[in-house]
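Read off the chains here:
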Amino acid sequence: MERNAWRKSTRSGNNGQCVEVCNRGHLIDVRDSKAPESGMLSFEAAAWGAFVGSFKAEAACG
């Protein structure tokens, strides 16, 4: 993931239900693409990786 640049989730569809992520190295920021001015959530990179990894593992099983 490119650092300091917002990008849409690769799982986002064309229905407008998207999140954007920004890699700041030690932190990953997440915001609603429809309302970026509404704020963001920040996660430690390791915690974000574990969160995303759990979804990837679930998708591989089902």
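This text goes with the structure placed above it.
Every chain begins its residue count from 1, and numbering advances along the sequence as written. Per-residue local features of the predicted model are confined to residues with pLDDT of at least 70, and side-chain atom pairs are confined, for both listing and counting, to 80 or more; whole-chain, interface and lining totals are unaffected and use all residues. Excluded from the side-chain calculations are hydrogens and water; all other atoms, namely the structure's heavy atoms, are used.

Asker: What's the story with the packing of aromatic side chains in this structure? I'm lost.
Answerer: Think of a pair of aromatic rings as described by two things: how far the centres are apart, and how the planes are tilted against each other in angle. Here the aromatic set is Phe, Tyr and Trp, taking the six-membered ring for Trp, and pairing holds for ring centres within 6.5 Å; pairs whose planes are under 30 degrees apart are stacked, those over 60 apart are edge-to-face, and all others are tilted. If you walk through the whole model with that rule in mind, you get three aromatic pairs. Relative to Trp 48, the ring of Phe 43 lies with its centre 5.4 Å away and its plane at 35°, an arrangement referred to as tilted. Relative accessible area decides the class of each residue, using a 1.4 Å probe on protein chains only: under 20% of the type maximum gives buried, over 50% gives exposed, and in between gives partly exposed. Take Phe 43: its relative accessible area is 30%, and that puts it in the partly exposed class. Exposure remark for Trp 48: the relative accessible area of 15% places this residue in the buried category. Arranged with centres 4.9 Å apart and planes meeting at 80°, the rings of Phe 51 and Phe 55 form a pair that is edge-to-face. Here Phe 51 and its partner Phe 55 are both found in helix H1 (residues 45-61), four residues apart, which amounts to about one turn of the helix. Here Phe 51 falls in the partly exposed class, since its relative accessible area comes to 43%. Ring pairing ties together the aromatic residues Phe 43, Trp 48, Phe 51 and Phe 55, which thus form one cluster. Two limits define a charge over a ring: the Lys NZ or Arg CZ must be within 6 Å of the ring centre, and within 35 degrees of the ring normal. The ring centre of Trp 6 lies 3.8 Å from the NZ or CZ of Arg 31, which sits over that ring. Strands are runs of DSSP state E lasting at least two residues, helices are runs of H or I lasting at least four, and both sets are numbered from the N terminus onward.

Asker: Please clarify how the pattern of salt bridges should be interpreted in this entry.
Answerer: Side-chain pairs of opposite charge can arise whenever the charged atoms involved come near each other. Within this document, salt bridges are pairs made up of a side-chain nitrogen of Lys or Arg and a carboxyl oxygen of Asp or Glu, the two lying within 4 Å of each other. In the structure shown here, the tally under the stated rule is three salt bridges. For the salt bridge of Glu 20 with Arg 31, the shortest nitrogen-to-oxygen distance reads 2.7 Å. In this pair, Glu 20 sits in strand E2 (residues 19-23) while Arg 31 sits in strand E3 (residues 27-32), placing the two residues eleven residues apart along the sequence. Note that Asp 32 and Lys 34 form a salt bridge whose closest N and O atoms lie 3.1 Å from each other. The partly exposed category is assigned to Asp 32, whose relative accessible area is 31%.

Asker: I keep staring at the side chain of Arg 31 and nothing clicks. Help me out?
Answerer: Think of a polar contact as two N or O atoms within 3.5 Å of one another; within protein, one of them needs to be a possible hydrogen donor and the other a possible acceptor, and neighboring residues in sequence only count if both atoms come from side chains. Polar side-chain contacts of Arg 31 include one of 2.7 Å to the side chain of Glu 20. Pairs of residues are marked as contacts when any of their non-hydrogen atoms sit within 4.5 Å. Setting aside residues no more than four positions away along its own chain, Arg 31 makes contact with Trp 6, Cys 18, Val 19, Glu 20, Pro 36, Gly 39 and Met 40.

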